[in-house]
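Secondary and tertiary structure notes
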Amino acid sequence: ALASLSSAAFADATNVTIYGVADATFDVIRISDNGNNTPNFNRVSTNGSYIGFRGTENLGNGLSAIFQFESEANFDQNNSLALNRDSFVGLTGGFGKVMLGTLTGPSRALAASLDVNTGDNIMSNTAILGKLGGFNAANGVRSISSGSSWDTRFQNAVAYVSPSFSGFQATGLYVANEDKDETPGAETNLSAFDLGLTYTNGPIMVGTTYARLRDDGVADIKGTEFRIGGMYDFGVASVRALYGNTKLETFGNEAKQDTWGIGGTYNVTANGKLVSQYYVARDVELNGTDLNESGAALFTIGYEHNLSKRTMLKAGYARVANDDNTSGYDFGYNASGFAGGANGFTASGFQ
């Protein structure tokens, strides 16, 4: 009976697609932390591999129902599947698109669109963006082991995506304060919004985003992220640039930081291209005073070769270098795990 019901549900839908990516690398990771005993190691990484189901149902009059269930598939660790990627239900039509669920915000989407690399791996620009050098890591604005909160998916979210008007498209996302807690001494009331505007016309793409996170509880957190960037595709090559400004107020302190990055691709052959990028996190400014040597830099270079429309071979090198007075930066995906340890540590990896 369950099989019959399942088949009927799929048959009623206008379109249901099963999709995904299997992406694995052998990684050689090297750590340098001013002479302390930290191990170099090798590993296998599955780099954001995922499996998903998406579908639509035509409701008539230009209106359609849409859904998507998407899960990470970390097959190197035999982890179970969970709906921890973009998973939602919504409506789409001439007015645009409305979605509810776990969603990527426009800030993350802009940074990802300007990343030169295919897939989520140690070469990602999320190693640098929005992290504030590890300032008060417990506040939830950044994660030591991955990207900043602006570069992860928002749960309990509702989003609107407009139609494209002469190349312009707007996105607005709101994160509900579902986990509000009024327990004395442990109050929390966390919500956020993320707004974005992009313009695409032939080889040109530019975009800007503004996001705000607020917790009116004990920590009284106010965090903002502003980004602006763009890309020009010459056909045989492309160039990209991104600037970001992160601010955080909590427990009476205010921290600010600028980040920027440039990247490019070059088609060496019809099936192969070089990819490279360089990103910098400037020193953190805390309560109006620069914290010297509190930034970091990311350098990556790689080669991608298409064996077919679906199959690619990749090789790449990434180096994340913390300044002398910080240890808050690690790979944005598949982190080495040494962020937050010895100041000035460097993580490098060949995949």
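What follows covers the pattern of salt bridges. In the structure shown here, the tally under the stated rule is 9 salt bridges. Across the pair Arg43 and Asp27 runs a salt bridge, and its minimum N-O distance is 3.1 Å. With Arg43 in strand E3 (residues 41-45) and Asp27 in strand E2 (residues 25-32), this residue pair connects regions lying 16 residues apart in the sequence. Note on accessibility: Arg43 and Asp27 belong to one class, buried. Via salt bridges that share partners, Glu70, Arg85 and Asp120 belong to a single interconnected network.

Formed by 25 residues in total, the largest nonpolar core has its most connected members in Ile128, Leu242, Tyr279, Leu298, Val320, Tyr329 and Phe331. Excluding residues that lie within four positions of it along the chain, Tyr279 makes contacts with Leu114, Asn125, Ile128, Leu129, Leu242, Trp260, Gly261, Ile262, Ala296, Ala297 and Leu298. Core analysis: the second largest hydrophobic core is formed by 20 residues, Phe88, Phe154, Val175 and Ala219 among them.

As paired strands, strand E9 (residues 168-175) and strand E10 (residues 190-201) are joined by 8 bridges and run antiparallel to one another. Bridge pairing in E10 links Ala170 to Leu197. Sheet topology places E10 next to strand E11 (residues 204-215); 12 bridges connect them, and they run antiparallel. Bridging across to E11, Ser191 finds its partner in Arg214.

Looking at the secondary structure, you find Ser49 in the loop between E3 and strand E4 (50-60). Reaching out from Ser49, the side chain makes a polar contact with the backbone oxygen of Thr46 at a distance of 2.6 Å. If we skip the residues at most four places from it in the chain, Ser49 touches Val21, Ala22, Asp23, Ser71, Glu72, Ala73 and Phe75.

For the protein, the average pLDDT comes to 88, and 91% of its residues sit at 70 or higher. Taken together, the stretch residues 136-145 has pLDDT below 50 and engages in 28 contacts with residues farther than four places along the chain or on a different chain.

Here we come to the packing of aromatic side chains. For the structure shown, the criterion picks out 6 aromatic pairs. Ring plane angle 40 degrees and centroid distance 4.6 Å describe the contact between Phe168 and Tyr199, whose orientation is recorded as tilted. Residue Phe168 is located in strand E9, and its partner Tyr199 is located in strand E10; the two are separated by 31 residues in the primary sequence. Its guanidinium or amino end placed over the ring of Tyr19, Arg54 lies 3.8 Å from that ring's centre, counting from NZ or CZ.

The next thing to look at is unusual backbone geometry. Backbone geometry places Glu293, a non-glycine residue, at a positive phi of 55 degrees. Residue placement: Glu293 occurs in the loop between strand E17 (289-290) and strand E18 (296-306). Look at Glu293 and you get partly exposed, because its relative accessible area is 37%.

What follows concerns empty space enclosed by the protein. The final tally for this structure, using the stated rule, is 1 cavity of 30 Å³ or more. Volume-wise, the largest cavity comes out at about 100 Å³. Lining the largest cavity we find 14 residues, and of these Asn121, Met123, Lys314, Ala315 and Gly316 sit closest to its centre. Per-class residue counts for the lining of the largest cavity are 4 nonpolar, 8 polar and 2 charged.

So, on to the side chain of Arg85. Its place among the elements puts Arg85 in the loop between strand E5 (63-72) and strand E6 (87-93). A polar contact of 2.8 Å, which involves the side chain of Arg85, links it to the side chain of Glu70. Sequence-distant contacts of Arg85, defined by excluding residues within four places in its chain, comprise Gly48, Tyr50, Glu70, Ser71, Glu72, Thr102, Asp120 and Arg153.

Thresholds applied
- Residues numbered from 1 in each chain as written.
- Predicted model: local features only at pLDDT ≥ 70, side-chain atom pairs only at ≥ 80, totals over all residues.
- Heavy atoms only, no water.
- Salt bridge = Lys/Arg side-chain N within 4 Å of Asp/Glu carboxyl O.
- Helix = DSSP H or I, 4+ residues; strand = E, 2+ residues; numbered from the N terminus.
- Buried < 20%, exposed > 50% of the residue type's maximum accessible area, 1.4 Å probe, protein only.
- Core = buried A, V, L, I, M, F, W, Y, C linked by side-chain atoms within 4.5 Å.
- Contact = heavy atoms within 4.5 Å.
- Pairing = 2+ DSSP bridges.
- Polar contact = N/O pair within 3.5 Å; in protein donor to acceptor, adjacent residues only side chain to side chain.
- pLDDT = per-residue confidence, 0-100.
- Phe/Tyr/Trp six-rings, centres within 6.5 Å; stacked < 30°, edge-to-face > 60°.
- Lys NZ or Arg CZ within 6 Å of the ring centre and 35° of its normal.
- 1 Å grid on protein atoms, 1.4 Å probe; cavity = no way out; pocket = protein on both sides within 12 Å on 5 of 7 lines; lining within 4 Å.
- Points joined across faces, edges and corners; volume = space filled by probe spheres on them.
- Nonpolar A, V, L, I, M, F, W, Y, C, P; charged D, E, K, R; others polar.

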